[in-house]
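Read off the chains here:
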Amino acid sequence: MVKRKPGLVQNRYRRDTVDHGGRLRVVGVSFLNAQPLLHGLLSGLADDRMHVELAEPAELARRLFEDEADVALSPVAPLATHGGLEIVPGCAIGCDGAVESVKLVGDCPIEEADEILLDAASRTSVVLARLIVRHLRAGKAEPRYCARPAREIVATVGGKTAGLLIGDIALETRGKFRYEIDLGQAWKELTGLPFVFAVWAARPGVVSARDAPLFTSSLEAGLAARPQLAQAWARGHGGDAEAHLAYLNDRIRYQLDERALAGLCEFLRRAAEAKLLPVTELSFVGQDKPAFSPQRASVDSLLDYAADGGRLSFQDAMRLASEADTHELGLAADARRRTLHPEGVVTYIVDRNVNYTNVCTTSCRFCAFYRPVGHEEGYVLTREQLTQKIEETVAAGGVQILLQGGLNPALHLEWYEDLFRWIKATFPIKLHALSPEEIWHLVRLEDLTVQDVLTRLRAAGLDSLPGGGAEVLTDRVRAKIAKAKCTSAEWLEVMRVAHRIGMRTTATMMFGTADTQADRVLHMLKVRELQDETGGFTAFIAWDYQHDVGTRQVAGETGTVLYLRTQALSRLVLDNVPNIQTSWVTQGPGIGQIGLRYGANDMGSTMFEENVVSSAGTTFGMDAAQIERHARALGFKVAQRNMRYERLTVPA
Amino acid sequence: MTARTAGTLDAIEAKLQAGERLSYDDGCALFLEPDFLRLGMLANQVREDKHGDRTFFNVNMRFEATNVCEASCSFCAFAKLKEGAAGAHTTTHEAAWKELAEHPDPRLTELHMVNGLHPTLPFEWYEELLRGWKRVRPGVHLKCFTGVEIHFFAQKFGMTHEAVLTRLRAAGLGSLPGGGAEILHPDVRQRIATDKANGDEYLAAHRAAHKLGIPSNCTMLYGHIETFEHRVDHLLRLRDLQDETQGFQCFIPLAFHNENNSLRKLPEPTAVDSLRTLAISRLLLDNIPHIKAYWVSMGVPTAQIALRFGADDLDGTIIHESIYHSAGSRAPMALSRDELVRLIREAGRIPVERDTIYGVVEELPRAAVPEGALKVRDRMARKRSLALAGN
Ligand code: SF4
Ligand code: SF4
């Protein structure tokens, strides 16, 4: 019997929960400290009940959230981010005092650093580090946090720049830095409690009472086999078997007992208080009552919490999406918008969307715009055509060109570089160009890295990236509607790199195809997570799929009501993204206007043309005067802005 | 939010919960209420108390027998002054009958006709038009002639309203559409519609219809030169007549469109004004059962969200609309029955196909929505009953 918690959004979206033969899909990770937990399972202890796989650490939570796994050896931060997972009792990866593999390092005392570089691979450790730093600085302003790859951190730490190191690299760099804070030790000093880094986390209701003890048995076998595991690790990954064994024996604590649980609850409580993680409750497999429960039981209190800027979990967002009235969501989002933008100013940009080519190799099902290579209606805009369009834009007071197109294999990186240099040398205009899909296209075409492509394009004059082509950032949906497109992780990676080299970008979501509410919330969470890491997104824009002539994708969950609910929800979930745009181009001026009361503070752009949408039959036009009239009719002041959301006119 | 406005909405909410009728001052205050979402929420509550999630639509067609009109309303882009003028058009009986006979939808239940005030067509011509329609498709309800037309016939042919209506009913008339109300207050009406039925005459025509048992609808054309006070006044005039006769089935707010008419320079009302007006209508017109979000006038997206701002009717499939489209409406010319059903379902409502007099033709199941969506209404209802108990 599958037990469900009351009030829990049941996972009706679950595809095959169990793999062939009714087995649970279990995912572990290839870390030294995870070996004892996995040992029994990997040696066939439960082969008839479970299908066990190893995955990249960053994949664990994603698989669990997106229902590609039933149980994962997950870091604890995703427990809060999801909010509806269950913990398999008995075992964990934790420490009681020094752990050695998670540490802050620097050339100066850590509390004096101005900047701390984070290895963003483990959100749990990042949150722990921030809590410890906050404590050490005792009320002083926070340092600047920047995400960096681990090797770069080791190379960069020095002066007033400190770093967070996790895993092997932390063990390898023992004694290399003048100042080190072992975060296990620091946590113990702060709270007197053990710390829990990871647990077996399960999707609700999938682990039966019969299966749960198998995880403990696996651990028991693993604990007994520690010497062999340490030796095997040294053979496979290098290092000293003795040191590995000492680490497993003396540093890692595998019991999830009362004290460990107290440490976990304390961590989640402090992280929620610091608004680093959503407030969450903890539940165990096979228990009816949550082990730890915040004061946020009703939808009303959840709405208040969200309107106050409280961080929402997956579960919270799902609950609001399904149980809050449309007006209530609007009111909460409106309250939140007012806190973030208290002056009551709505902004918009005068720019023009230019589709430089409609030739595309991708053939997305929802797209009526593209033409295959060799098609007689395929075009690439000439310099003359571009000149005319850009001159018109400048004449109309435009400050930016949004340049997007199909994935045309005839256009190489040099073509773009020449084009960008020419545009920037000829016209006084900013370039907001090339969505991640187009960047990946160039990466593959030229066999370069994302960073190379972006750096070269930026040098040629690219100012910022549009967040298009995100559709819905779960691979299940992307595979259905745009098979040939980049994966969600790849989409996010372009944004990560762009932000890291100093470009700002937007993020979009086109829903209403193969997506469910769960996919839409997961999309928002992915954007929020990357935004935590980089802070590079200026705005979020959602719209529903405009099903019409020329598209092959059938419409899924669409409509004005859902659009407004989704936009309001995005304002609440994306607590770290400053601006929400209404998409009046797809929804029409009326709903664009109404959207300003459902969380949005920006009317996007005046849009001379938008071929991808208008080829599918939806054409709405508003000039600056109309945009302003619509916003003012709701009592807002209006100002023009640039892509960085700097105001170019005095609000009026 | 200032204390005053909070007080206003709170006071009005308390009145509504106590079942008290809203006053002229309440109506004016609501038009100035900045908390537009809470206003929508109140209207939605009233709508759900009256109809739950049920949302009505019908399968209808539009017909305009003539666009030749003696009057010259300044907002009208439809009428042509004279027969023979460019674009002037008057149907023949045969063409009109054929159009109904050949209407492709077997589910058609209503023919909706509104015309210009033609200077020379004899009364018998209209009677014969209706009779012919009844002969070709007797099952289709004829919702024809606005109060303005009825009054025009009465004057032109020297009859009383009752006499006009009695003869038309004998010819097949089923009910009156709500058009021609514009703004009833004389200060406005004299400026935009000088040479047709005045406000009292419009109401008199409807009163006569109701007394004869002929149901009708009523409308308001908003967003041109009128003030909020004129709108409230208009709504209360309708409410007063309804108290007297109970003959109005539905109220339809109509947004002013500004193309091809002499009020081109005026901006059109925006969606927020449309939703606000619709919500306030729902709150003030406590005695009129239905409020329609006429998608041809407000646009399909706004009409859909209007189903959560007080509206419980989306009008019909409407093939062949020309009054609004002459004035620049960008709404599609027709929606299929499936599209209407989908619009209603997407708004979380239950589609109910009705006939003209709100008889149920077919009640369709609601959409397969995530289970939580149903909890929303239960929870809102519970909140409301708690609030009631608290009073
Ligand atoms: S959406 Fe973009 S990538 Fe997909 S077919 Fe259209 S132009 Fe190509
Ligand atoms: S609104 Fe009616 S009465 Fe006025 S001009 Fe137009 S058709 Fe004639």
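Residues numbered from 1 in each chain as written. Chains lettered and ligands numbered in written order. Predicted model: local features only at pLDDT ≥ 70, side-chain atom pairs only at ≥ 80, totals over all residues. Heavy atoms only, no water.

Quick look at the overall build of chain B
Here is step 1: Within chain B one finds 16 helices and eleven strands.
Here is step 2: Residues classed as buried in chain B amount to 61% of the 391 residues present.
Here is step 3: Pairs at least 24 apart in sequence give 74% of the contacts found in chain B among residues at least 6 apart.
Here is step 4: Summed over its atoms, the accessible surface of chain B is roughly 14,300 Å², and 55% of this surface lies on carbon and sulfur atoms. (Helix = DSSP H or I, 4+ residues; strand = E, 2+ residues; numbered from the N terminus. Buried < 20%, exposed > 50% of the residue type's maximum accessible area, 1.4 Å probe, protein only. Contact = heavy atoms within 4.5 Å. Areas by Shrake-Rupley, 256 points an atom, 1.4 Å probe, with all protein chains shown as cover.)

Some points on the overall build of chain A
Here is step 1: In terms of helices and strands, chain A carries 26 helices and 23 strands.
Here is step 2: Computed over the C-alpha atoms, the radius of gyration of chain A is 26 Å, within 12% of the 26 Å expected from 2.2 N^0.38 for a compact globule of 652 residues.
Here is step 3: Judged by the C-alpha coordinates and their principal axes, chain A covers about 75 × 55 × 50 Å.
Here is step 4: Contacts in chain A between residues far apart in sequence, at least 24 positions, make up 77% of those at least 6 positions apart.
Here is step 5: Here chain A has roughly 23,500 Å² of accessible surface; of this, 51% comes from carbon and sulfur atoms. (Rg over C-alpha atoms; globule rule 2.2 N^0.38 Å.)

Topic: the site of ligand 1
Here is step 1: What surrounds ligand 1 is the set A:Cys360, A:Thr362, A:Ser363, A:Cys364, A:Phe366, A:Cys367, A:Tyr370, A:Gly406 and A:Lys485.
Here is step 2: Partitioning the shell around ligand 1 into residue classes produces five nonpolar, three polar and one charged. (Near = heavy atom within 4 Å. Nonpolar A, V, L, I, M, F, W, Y, C, P; charged D, E, K, R; others polar.)

Focus: the nonpolar core
Here is step 1: With 323 residues, the main nonpolar core has A:Trp200, A:Leu320, A:Leu403, A:Phe420 and B:Trp133 as its most contacted residues.
Here is step 2: With eleven residues, the next largest nonpolar core counts A:Leu117, A:Leu165, A:Ala170 and A:Phe177 among its residues. (Core = buried A, V, L, I, M, F, W, Y, C linked by side-chain atoms within 4.5 Å.)

A closer look at the sheet that holds strand 4 (residues 141-144) of chain B
Residues and elements named next belong to chain B.
Here is step 1: Taken in spatial order, the four strands line up as 2-3-4-5 in an open sheet, and their pairing is parallel. Both edges of this open sheet fall to strand 2 (60-63) and strand 5 (173-175), since each of them pairs with a single strand only. Neighbour to neighbour, the strand axes of the sheet diverge by 40° on average, direction disregarded.
Here is step 2: Each of strand 2 and strand 3 (110-113) is contacted by helix 4 (residues 93-101), which is oriented at about 165° to strand 2, the strand it contacts most. (Pairing = 2+ DSSP bridges. Axes fitted to C-alpha atoms, helices over the stretch in contact; angles between N-to-C directions.)

What to know about the pattern of salt bridges
Here is step 1: This structure, assessed with the given rule, holds 80 salt bridges over all chains.
Here is step 2: Through salt bridges that share partners, A:Glu53, A:Glu59, A:Arg62, A:Arg63, A:Glu66, A:Glu68, A:Asp475 and A:Lys526 make up one connected network. (Salt bridge = Lys/Arg side-chain N within 4 Å of Asp/Glu carboxyl O.)

A short note on the domain arrangement of chain A
All names here are of chain A.
Here is step 1: The domain boundaries assigned to chain A delineate domain 1 (24-94 + 196-293), domain 2 (102-190) and domain 3 (335-354 + 430-436 + 465-640).
Here is step 2: The C-alpha centroid of domain 2 is placed 24 Å from the C-alpha centroid of domain 1.
Here is step 3: In this complex, domain 1 contributes 15 residues to the contact, which on the side of domain 2 involves 13 residues.
Here is step 4: Here domain 1 meets domain 2 over a buried area of about 1,400 Å², counting both sides, of which 73% is carbon and sulfur.
Here is step 5: Contact with domain 2 buries surface across domain 1, with Phe-197, Phe-267 and Leu-276 losing the most and accounting together for 43% of the total.
Here is step 6: Along the contact surface separating domain 1 from domain 2 lie zero salt bridges.
Here is step 7: The tally of links between domain 1 and domain 2 comes to three residue pairs in polar contact (both at pLDDT 80 or more).
Here is step 8: Elements with a contribution of two residues or more to the side of domain 1 that touches domain 2: helix 3 (77-82) and helix 11 (258-273).
Here is step 9: Looking at the side of domain 1 that touches domain 2, the element that brings in the most residues is helix 11, giving six residues. (Domains from an automatic or database assignment. Buried area = accessible area lost by both parts, 1.4 Å probe. Polar contact = N/O pair within 3.5 Å; in protein donor to acceptor, adjacent residues only side chain to side chain.)

Details of unusual backbone geometry
The bulk of non-glycine residues show a negative phi, and the bulk of peptide bonds are trans.
Here is step 1: Of note, A:Lys275 is a non-glycine position whose phi angle comes to about 60°, a positive value.
Here is step 2: Relative to the elements of secondary structure, A:Lys275 occurs in the loop between helix 11 and strand 13 (283-284).
Here is step 3: The partly exposed category is assigned to A:Lys275, whose relative accessible area is 48%.
Here is step 4: In this model, B:Tyr358 sits at a positive phi of 65°, which is unusual for a non-glycine residue.
Here is step 5: In this structure, B:Tyr358 sits in the loop between strand 10 (350-354) and strand 11 (360-363).

A short note on helix 1 (residues 35-42) of chain A
Residues and elements named next belong to chain A.
Here is step 1: Among the eight residues of helix 1, six are classified as buried, and the element is accordingly described as predominantly covered.
Here is step 2: Taken residue by residue, helix 1 has Gln-35, Pro-36, Leu-37, Leu-38, Gly-40 and Leu-41 as its buried positions.
Here is step 3: Two residues or fewer past helix 1, Gly-44 is found with a positive phi of approximately 95°.

Remarks on helix 26 (residues 624-632) of chain A
All names here are of chain A.
Here is step 1: Listing the buried residues of helix 26 in full gives Ile-627, Glu-628, His-630 and Ala-631. Looking straight down helix 26, one finds that the buried residues subtend no more than 160° of arc, so they occupy a single side.
Here is step 2: Contact partners of the buried residues in helix 26: strand 14 (345-349), helix 23 (584-587), helix 24 (589-594), strand 22 (602-605) and strand 23 (637-640). (Arc of directions from axis to C-beta.)

Re the state of the cysteines
Here is step 1: With the rule as written, the count across this model stands at zero disulfides over all chains.
Here is step 2: A:Cys364 provides the cysteine sulfur closest to A:Cys486, a residue in no disulfide bond, and the two sulfurs are 9.9 Å apart.
Here is step 3: Looking at B:Cys250, it has no disulfide partner, and the nearest cysteine sulfur is the one in B:Cys218, 7.5 Å off. (Disulfide = S-S within 2.5 Å.)

Thoughts on the environment of A:Val573
Residues and elements named next belong to chain A.
Here is step 1: Following the sequence through the fold, Val-573 ends up in helix 22 (residues 560-573).
Here is step 2: Overall, Val-573 belongs to the buried group, its relative accessible area being 0%.
Here is step 3: In the structure, Val-573 is positioned 261 residues away from Leu-312 in sequence and 5.8 Å away in space, judged by C-alpha atoms.
Here is step 4: For Val-573, the contacting residues outside a window of four places in its chain are Leu-312, Ala-317, Met-524, Leu-525 and Arg-528.

Overview of the confidence of the model for chain B
All names here are of chain B.
Here is step 1: Confidence along chain B averages 89 in pLDDT terms, with 88% of residues attaining 70 or more.
Here is step 2: Contacts from residues 1-6, a stretch scored under 50 in pLDDT, to residues over four places away or in other chains number four contacts.
Here is step 3: Listed scores for the predicted complex are pTM 0.88 and ipTM 0.85. (pLDDT = per-residue confidence, 0-100.)

Section: the environment of A:Gly40
Residues and elements named next belong to chain A.
Here is step 1: Summarising the element assignment, Gly-40 is placed in helix 1.
Here is step 2: Judged by its relative accessible area of 6%, Gly-40 is buried.
Here is step 3: Sequence spacing of Gly-40 and Leu-256 is 216 residues, and the spatial spacing of their C-alpha atoms is 18 Å.
Here is step 4: In contact with Gly-40, other than residues within four places in its own chain, are Leu-45, Ser-218 and Ala-221.

Some points on the sheet that holds strand 8 (residues 290-291) of chain B
Residue and element names in this part refer to chain B.
Here is step 1: Ordered in space as 6-7-8, the three strands form an open sheet in which the pairing is parallel. The outermost strands of the open sheet, each flanked by one partner alone, are strand 6 (216-222) and strand 8.
Here is step 2: Note: strand 6 against strand 7 (residues 248-255), seven bridges, orientation parallel. By the bridge assignment for strand 7, Ser-216 is matched with Phe-248.
Here is step 3: Contacting strand 6 and strand 7, helix 10 (residues 228-245) crosses the sheet at an angle of about 170° to strand 6.

Notes on the side chain of A:Glu471
Residues and elements named next belong to chain A.
Here is step 1: With respect to the helices and strands, Glu-471 occurs in the loop between strand 18 (464-465) and helix 19 (475-481).
Here is step 2: In this structure Glu-471 comes out as buried when scored by relative accessible area, which is 6%.
Here is step 3: Of note is the side chain of Glu-471, whose polar atom sits 2.6 Å from the side chain of Lys-485.

Examining the packing of aromatic side chains
For any pair of aromatic rings, the description consists of the separation of the ring centres together with the inter-plane angle of the planes.
Here is step 1: By the definition in use, this model includes 23 aromatic pairs over all chains.
Here is step 2: Ring centres 6.0 Å apart and planes at 80° place the aromatic pair A:Trp187 and A:Phe267 in the edge-to-face group. You can see A:Trp187 sitting in helix 7 (residues 183-191) and its partner A:Phe267 sitting in helix 11, a full 80 residues away along the chain. Both residues of the pair, A:Trp187 and A:Phe267, belong to the buried class.
Here is step 3: Of the aromatic side chains, those joined through ring pairs into one cluster are B:Phe123, B:Trp125, B:Tyr126, B:Phe145, B:Phe152, B:Phe153 and B:Phe157. (Phe/Tyr/Trp six-rings, centres within 6.5 Å; stacked < 30°, edge-to-face > 60°.)

With respect to the pairing of strand 7 of chain B
Residue and element names in this part refer to chain B.
Here is step 1: Of all eight residues in strand 7, eight are buried; the element is thus mostly enclosed.
Here is step 2: For the handedness criterion, the β-α-β arrangement of strand 6, helix 10 and strand 7 is classed as right-handed.
Here is step 3: Of the strand pairs in this sheet, strand 7 and strand 8 are connected by two bridges, and their pairing is parallel. Pairing of Cys-250 across the sheet is with His-290, part of strand 8. (Right-handed = clockwise from strand over helix to strand, strands pointing away.)

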